[in-house]
Every structure is written in structure tokens, then in C-alpha cells.
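# Notes for the structure review
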Amino acid sequence: ALRAELSFSLPHSRFEALLEQLGAFIGADSSRPEQEIGHGPDNLLLWADTSIVVEAKNMALYSAIPKHDVAQLLHSIEWFRSEYPNAAPPTPVFVAPTAVIAAGVVAAAGTRVVTPPHLTRLLDASAAFVAALVAGVGMLLAILCGVALMGTVIAAVHPAEVVAHRVGETFV
């Protein structure tokens, strides 16, 4: 259902709810702090050794991520650090229609961006993993699909540093 339903055209609340489900599917302690307690990031994904702080901008119509959205993600990172002092260091993630950061804007180091094509690849890998398990094609193939899924999760987030470099902006 996630693969068929999770789309950038959804209202933000539904999109964030489905991101929460996707996080749980890939093994995260997945939550929506902003919706649940009124502050924090749109989505938060936690594993023992990884923390991902997500600001979802799926309905944004811009060609570059603006300063106010970058500031919102920075605020969410600081919120995370104060609320989860013993957790793994957070990786800041935008889910946005573009991986370009606006000129003159500096995003947090390590910021990553999930664009529509990245999300499609992640959902396709998730579906392939489930199909391999359901088909009973053997534990080895299921494990290989699981490894491919995790590789896709990692590859689905496009490093904003690369984008900043390509557009000639300084990225710290």
C-alpha cells in the first residue's frame, strides 16, 4: 500500500504519516514529533546507531530549497539534540522536489535530500524485498533483497554538499 500511495502530491499530513509507516517498515523507531507534541521535526527515524531528522516539503513548488526551510531543519536538529542527548548524531534530511539549496543559503553539514526519483527507488526496493519474502524464493535471495533495500535507503538521500558544489555555492 505504501508504494501505491506515497506520492509527493499528497497533503503534507498524509505524506508524513506514510513516511512514518515507511520508517517503521525499514526497522526504525519512527515518529512524527511535530504532529504528536507540537514541535520537533516532521518525521524522526531512530535506530541504535543512526538518527534521521526529516523535514518534508513534498508540496513545495520551488526550484531551490529556501532559507526558511533550511532554518526549520536546523531548528529541528537542535530540538533533537536537546531531546535525545544520548542518541546517535542526527542526519538532517529534506524530502523535497529539488536537491538544490538556494543561493547564499548554508544548510547543516551532512544535510541530505530525498527527491521524487529517490523516493521511487526506495519504494521499489521495499516492494522487491517484500515480494522476495512472500514468494518464498529462499532466505539467501530475501537477504540479498534486504541488503539492496538498505543500500537504496542510503542512496535515496542525495548529499546536499554535492548539489551545492554543482551550483557553485559554498557548503559548510
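Everything that follows concerns the structure shown earlier in this document.
Presented here is an overview of the structure given in this document. (Residues numbered from 1 in each chain as written. Predicted model: local features only at pLDDT ≥ 70, side-chain atom pairs only at ≥ 80, totals over all residues. Heavy atoms only, no water.)

## Quick look at the overall build of the protein chain
When you go through the protein chain residue by residue, the secondary structure sums to seven helices and six strands. Across the protein chain, helices and strands are ordered from the amino to the carboxyl terminus as α-α-β-α-β-β-α-β-β-α-α-β-α. Burial analysis of the protein chain (172 residues in total) assigns 47% to the buried set. Once local pairs closer than 6 in sequence are excluded, the contacts in the protein chain between residues at least 24 apart make up 56%. (Helix = DSSP H or I, 4+ residues; strand = E, 2+ residues; numbered from the N terminus. Buried < 20%, exposed > 50% of the residue type's maximum accessible area, 1.4 Å probe, protein only. Contact = heavy atoms within 4.5 Å.)

## Notes on the side chain of Ser 31
Along the polypeptide, Ser 31 turns up in strand β1 (residues 29-31). Those residues in contact with Ser 31, other than ones at most four positions away along the chain, are Glu 20, Glu 36, Asp 42, Asn 43 and Leu 44.

## Details of the pairing of strand β2 (residues 43-46)
Covered by surrounding structure in β2 are Asn 43 and Leu 45 together with Leu 44 and Leu 46, the residues of both alternating faces. Examined bridge by bridge, β2 and strand β3 (residues 51-56) share four bridges and lie antiparallel to one another. If you follow Leu 44 over to β3, its bridge partner there is Val 53. (Pairing = 2+ DSSP bridges.)

## So, the nonpolar core
Leu 6, Phe 15, Leu 19, Leu 22, Val 54, Val 95 and Leu 119 are the most contacted members of the largest nonpolar core, which totals 19 residues. Listing elements by their share of this core, those giving two or more residues are α2 (12-25), β3, β4 (90-95) and α5 (116-135). Per element, the largest residue contribution to this core is four residues, and it comes from α2. The residues touching Leu 19, leaving out its near neighbours within four places in the chain, are Leu 6, Ser 30, Asn 43, Val 54, Ala 56 and Val 95. (Core = buried A, V, L, I, M, F, W, Y, C linked by side-chain atoms within 4.5 Å.)

## Focus on the environment of Ala 48
By secondary structure assignment, the location of Ala 48 is in the loop between β2 and β3. Taking relative accessible area as the criterion, Ala 48 reaches 84% and is therefore assigned exposed. The spatial distance from the C-alpha of Ala 48 to the C-alpha of Ala 87 is 7.7 Å, given a sequence separation of 39 residues.

## Side note on the packing of aromatic side chains
Under the defined criterion, the tally for this structure stands at three aromatic pairs. For the pair Phe 8 and Phe 15, a centre-to-centre distance of 5.4 Å together with 65 degrees between the ring planes defines the contact as edge-to-face. With respect to class, Phe 8 is no different from Phe 15; both count as buried. Where Trp 79 meets Tyr 84, the ring centres are 6.0 Å apart and the plane angle is 65 degrees; that geometry is what we call edge-to-face. Joined through ring pairs, the aromatic side chains of Trp 79, Phe 80 and Tyr 84 make up one cluster. (Phe/Tyr/Trp six-rings, centres within 6.5 Å; stacked < 30°, edge-to-face > 60°.)

## Looking at the environment of Ala 17
Turning to its location among the elements, Ala 17 is positioned in helix α2. Residue class for Ala 17 comes out buried when judged on its relative accessible area of 16%. Considered as a pair, Ala 17 and Arg 32 are 15 residues apart in the sequence and their alpha carbons are 7.6 Å apart.

## Details of helix α4 (residues 67-83)
In a regular helix each residue adds 1.5 Å, so 17 residues correspond to 24 Å; α4 covers 24 Å between its end C-alpha atoms and thus fits that length. When α4 is considered as a whole, its buried residues turn out to be Asp 69, Val 70, Leu 73, Ser 76, Ile 77, Trp 79 and Phe 80. Against the buried residues of α4 lie α3 (33-37), β2, β3 and β4. (Expected span 1.5 Å × (residues − 1).)

## Observations concerning the pattern of salt bridges
The full count for this structure, using the stated rule, is four salt bridges. Glu 5 is the salt-bridge partner of Arg 14, the closest N and O atoms lying 2.4 Å from each other. For the salt bridge of Glu 16 with Arg 32, the shortest nitrogen-to-oxygen distance reads 3.5 Å. Here Glu 16, found in helix α2, pairs with Arg 32, found in the loop between β1 and α3; they are 16 residues apart in sequence, far enough to count as distant. Both residues of the pair, Glu 16 and Arg 32, belong to the buried class. (Salt bridge = Lys/Arg side-chain N within 4 Å of Asp/Glu carboxyl O.)

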